[in-house]
Amino acid sequence: MNKTLEWLSPYYDNIVVSRQKVIDYVAVADSKIHKVLRMLYLYVTFDCNQQCKYCWLHNNVTARHQMMSVEMIEKLLAEAIPLGLERIKITGGEPFTNTSLNDLANTVLAKGIGLDIETNGTLITQKWINDIISRDKLFLKISLDAASSDIHDNLAHANVFKKTVDSAKLLSANTIKFGMVTVLNRLNVHHFEDIIDFVSQLGASTHRIILSIQPLGRGKNIGELKLNLDETIDVIKRFFRLRKYHDKIELGTLHSTIPPAFIPLDRLNFNACDWGIGLCGVMPDGSITMCSPAFESMDLVAGNIYENSLTEIWLNSDMFSESHIHPELDGVCGKCLFSGSCRGMCRVFARATYGSNKAPYPFCQEMFEAGFFPEWALK
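Before going into details, it helps to say that this report is about the structure given with it. (Residues numbered from 1 in each chain as written. Predicted model: local features only at pLDDT ≥ 70, side-chain atom pairs only at ≥ 80, totals over all residues. Heavy atoms only, no water.)

## Here we look at the overall build of the protein chain
In terms of helices and strands, the protein chain carries twelve helices and ten strands. A globule of 379 residues ought to have a C-alpha radius of gyration of about 21 Å, and the protein chain, at 20 Å, matches this closely. Based on the C-alpha atoms only, the size of the protein chain along its principal axes is roughly 55 × 50 × 40 Å. Within the protein chain, buried positions represent 56% of all 379 residues. Intrachain contacts of the protein chain at a sequence separation of at least 6 include 73% that bridge at least 24 residues. As displayed, the protein chain offers around 16,400 Å² of accessible surface, 50% of which is attributable to carbon and sulfur atoms. Computed over 38 positive and 42 negative side-chain charges, the separation of the two mean positions in the protein chain equals 3 Å. (Helix = DSSP H or I, 4+ residues; strand = E, 2+ residues; numbered from the N terminus. Rg over C-alpha atoms; globule rule 2.2 N^0.38 Å. Buried < 20%, exposed > 50% of the residue type's maximum accessible area, 1.4 Å probe, protein only. Contact = heavy atoms within 4.5 Å. Areas by Shrake-Rupley, 256 points an atom, 1.4 Å probe, with all protein chains shown as cover. Lys, Arg positive; Asp, Glu negative; His and termini not counted. Charge placed at Lys NZ, Arg CZ, Asp CG, Glu CD.)

This is the structure:
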């Protein structure tokens, strides 16, 4: 038994049985993969009122001060709904710095489309809530990186902890569903359990734990904050101990960016990123991308809605071709049984780390090179 992967220890008892469980799981999961534009990521601005140390944006973003308009969203909805659109995620930058956010949100909700808004939570007001036309399909995701002001404000580079917490309480009081998102790093990792308890007390319906800092924007230059492999493994151990012993954490409420090969086989309920086949990103200038940071490299841009229609870009561009349904990936991702359903996790993270769209997911590759990749998950 590999003691490093203690949360997976039962599956070392019979590698053949464990591998068959994986094969059965992926056969079902892979059969469900097909190309439908279910989600749009709308980067409604790259402006922000914080300067988080790990942010994948940087001060020299070329699209800064551009704001997505209601007219652009109406144009996108008109084409995306016939392609199968189910949900929109509004993100940024800080979406609430776009003064038209209320109109943008209501335009989406009026069409009966689900809406997620990713925010730092500092600019939410009662007036904004009152002006929302429908709350049934609205969900806010708020960044919260600590259970105390000293660490959170240090990471945000701003005195914002109280505003963020007050906004969560305001949403709860108005029965608007929201979740919290925490990026783990060396400043907050030792308070991991405290953050989870605090988020639960705030009434969040979900809590997403992100294990890695993206090496983009400011994230390129904060290596001292990034968890190393041993620290990440320790977090995963603690994570599954929490799931096992904390009854108040319901299955599905607390989740993380753990690849499926490292999830206990009796808990596999993995939702892969739909990059290339189920989602696309839209920049404030109308550029259509795989999902995000097109400003890092123009070869991540498939087209622009002011030059070609979204329909044409989605159906005919190389970026969204049928080859992405079951991509051929390098490194351990090409050897993994989960490759079809997992699809290499986050492609932007892989590209930023190794410089290729076909690169393996960094955590998995590091675990493989260290000899820690589960044997039953390999072809």
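Now that the structure is up, let's keep going.
## Some remarks on the sheet that holds strand S8 (residues 279–282)
The ten strands lie next to each other as S7-S6-S5-S4-S3-S2-S1-S8-S9-S10, forming an open sheet whose pairing is mixed. The sheet terminates laterally at strand S7 (254–256) and strand S10 (301–304), the two strands that pair on one side only. On average, each strand axis in the sheet is tilted by 20° relative to the strand beside it, whichever way the strands run. Of the pairings in the sheet, the one linking strand S5 (residues 178–183) to strand S6 (residues 206–210) comprises five bridges and is parallel in character. Paired with Thr182 across the strands is Ile209, a residue of S6. (Pairing = 2+ DSSP bridges. Axes fitted to C-alpha atoms, helices over the stretch in contact; angles between N-to-C directions.)

## Let's talk about helix H3 (residues 101–109)
Because an α-helix packs 3.6 residues into every turn, residues spaced three or four apart end up facing the same way. By the criterion of burial, H3 is predominantly enclosed, with eight of the nine residues buried. What H3 keeps buried is the set Leu101, Asn102, Leu104, Ala105, Asn106, Thr107, Val108 and Leu109. Among the structural elements, helix H2 (70–80), strand S2 (87–91), strand S3 (114–119), helix H4 (126–130) and strand S4 (138–143) are those in contact with the buried residues of H3.

## With respect to the pairing of S8
Because side chains alternate across S8, one face comprises the buried residues Leu279 and Gly281, and the other comprises Cys280 and Val282, equally buried. When strand S1 (residues 39–43) meets S8, the two strands line up parallel, connected through four bridges. If you follow Leu40 over to S8, its bridge partner there is Cys280. Here S8 runs beside strand S9 (residues 287–289); their pairing, made up of two bridges, is antiparallel. Bridging from a neighbouring strand, Gly281 pairs with Thr289 of S9. The antiparallel pairing of S8 with S9 creates a hairpin that spans four residues between the two strands, and Gly286 there sits at a positive phi of about 95°.

## A few points about the nonpolar core
Ranked by size, the top nonpolar core spans 55 residues in total, and within it Leu40, Leu42 and Ile88 carry the most contacts. For this core, the element with the most residues is H2, which contributes six residues. In this structure, Leu8, Ile209, Leu268 and Tyr361 belong to the second largest nonpolar core, which totals 47 residues. (Core = buried A, V, L, I, M, F, W, Y, C linked by side-chain atoms within 4.5 Å.)

## Re the side chain of Asp145
You can see Asp145 is positioned in the loop between S4 and helix H5 (149–156). Of the side chains with opposite charge, Lys53 lies nearest to the buried Asp145, which makes no salt bridge, at 11 Å. Of note is the side chain of Asp145, whose polar atom sits 2.4 Å from the side chain of Tyr54. (Salt bridge = Lys/Arg side-chain N within 4 Å of Asp/Glu carboxyl O. Polar contact = N/O pair within 3.5 Å; in protein donor to acceptor, adjacent residues only side chain to side chain.)

## What about the environment of Trp275?
Inspection of the secondary structure assignment puts Trp275 in the loop between S7 and S8. Each C-alpha atom, one on Trp275 and one on Asn102, is 27 Å from the other, the two residues being 173 residues apart in sequence. The contacts of Trp275, once residues within four sequence positions are left out, are Met290, His324, Pro327, Arg343, Met345 and Arg347.

## Points about the pattern of salt bridges
What the rule picks out here adds up to eleven salt bridges. For the salt bridge of Lys141 with Asp116, the shortest nitrogen-to-oxygen distance reads 3.6 Å. A residue pair is termed long-range when its members are at least 10 positions apart, and Lys141 in strand S4 and Asp116 in strand S3 qualify at 25 residues. One salt bridge connects Asp131 with Lys127, and the closest N-O pair in it is separated by 2.7 Å. Residue classification places Lys127 among the exposed residues on the basis of a relative accessible area of 59%.

## Let's talk about the pairing of S4
If a strand is regular, its side chains alternate between the two faces of the sheet. Relative to S4, S3 is paired through five bridges, and the arrangement is parallel. Across the sheet, the residue bridging to Leu115 is Leu138, located in S4. Looking at chain direction, S4 and S5 are connected through four bridges and run parallel. Within S5, the position partnered with Leu140 by the bridge is Phe178.

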